[in-house]
Amino acid sequence: MTDTATTRTLAHPEPAEIRLEAVLHALSDPMRLSIVRDLAVTPDELACSYFVLPVTKSTTTHHFRVLREAGVIRQAYRGTAKMNGLRRAELEGLFPGLLDSVLTAAAAEEARRADTP
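Residues numbered from 1 in each chain as written. Predicted model: local features only at pLDDT ≥ 70, side-chain atom pairs only at ≥ 80, totals over all residues. Heavy atoms only, no water.

(A) Focus on helix α4 (residues 57-70). The end-to-end C-alpha distance of α4, which contains 14 residues, comes to 20 Å, matching closely the 20 Å that a straight helix rising 1.5 Å per residue would cover. Those residues of α4 lying buried are T60, H63, F64, V66, L67, R68 and A70. Looking at the packing, one finds that the buried side of α4 touches α2 (20-27), α3 (30-40), β2 (73-78) and β3 (81-86). (Helix = DSSP H or I, 4+ residues; strand = E, 2+ residues; numbered from the N terminus. Expected span 1.5 Å × (residues − 1). Buried < 20%, exposed > 50% of the residue type's maximum accessible area, 1.4 Å probe, protein only. Contact = heavy atoms within 4.5 Å.)

Quick look at the structure:
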């Protein structure tokens with residue numbers, strides 16, 4: 001029996017390798033920010049198939065890769081599903097308040113746009 005967890009691993013930056021500019025770049029895209037916002041409201045990991053983005057599958061894959069390589073999310077295979085979790089504690093340790101500030105600002109912008117006719 002083959003252990004797929006060891007044969008299908010994904011590279012993630014160690015906390016010391018995570019850079020502010022990469023995190024900010026990853027969060028600057030509306031699609032990626034949408035993914036992070038969804039992950040931020042659940043303690044569970046979410047499968048890639050959970051996210052319905054108005055882009056192609058290859059573009060969706062690209063967005064997840066950017067988030068993972070920036071150190072914003074952690075991805076792991078569970079069977080055939082690729083599960084995603086927010087690296088909240090690590091990001092908070094590196095950049096205190098950053099993630100919460102970005103999420104608060106994104107929610108405020110969404111509310112502001114909803115109020116605009």
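(B) Broad picture of the packing of aromatic side chains. Summed over all chains, the structure comprises two aromatic pairs. For the pair F51 and F64, a centre-to-centre distance of 5.4 Å together with 65° between the ring planes defines the contact as edge-to-face. You can see F51 sitting in the loop between β1 (46-47) and α4 and its partner F64 sitting in helix α4, a full 13 residues away along the chain. Relative accessible area serves as the criterion here: at 7%, F51 is assigned to the buried category. What links up through ring pairs into an aromatic cluster is the set Y50, F51 and F64. (Phe/Tyr/Trp six-rings, centres within 6.5 Å; stacked < 30°, edge-to-face > 60°.)

(C) Inspection of the pairing of β3 at higher detail. Bridge count between β1 and β3: two bridges; the pairing is antiparallel. Opposite A47, over in β3, you have M83 as the bridge partner. Between β2 and β3, which follow one another and run antiparallel, lie two residues, and G79 among them has a positive phi close to 65°. (Pairing = 2+ DSSP bridges.)

(D) View of the confidence of the model for the protein chain. Of all residues in the protein chain, 93% have pLDDT values of 70 or greater, and the mean over the chain is 92. Element-level mean pLDDT values for the protein chain span from 49 in helix α1 (residues 4-7) up to 98 in α2. For residues 1-6, every residue scores under 50 in pLDDT, and the model assigns this stretch one contact once sequence neighbours within four places are set aside. (pLDDT = per-residue confidence, 0-100.)

(E) Expanded view of the sheet that holds β2. With respect to topology, three strands assemble into an open sheet ordered β1-β3-β2, the strand pairing being antiparallel. The open sheet terminates on both sides in strands that have one partner only, identified here as β1 and β2. Here α4 sits on the sheet and contacts β2 and β3; the angle it forms with β2, its principal contact strand, is near 120°. (Axes fitted to C-alpha atoms, helices over the stretch in contact; angles between N-to-C directions.)

(F) A look at the environment of R87. For R87, the position within the fold is in the loop between β3 and α5 (88-94). Each C-alpha atom of the pair R87 and A40 lies 9.5 Å from the other, and the pair is 47 residues apart in sequence. Leaving out residues up to four positions away in the same chain, R87 has contacts with H12, P13, E14, P15, I18, G71, V72, I73 and R74. A distance of 2.8 Å separates a polar atom in the side chain of R87 from a polar atom in the side chain of E90. (Polar contact = N/O pair within 3.5 Å; in protein donor to acceptor, adjacent residues only side chain to side chain.)

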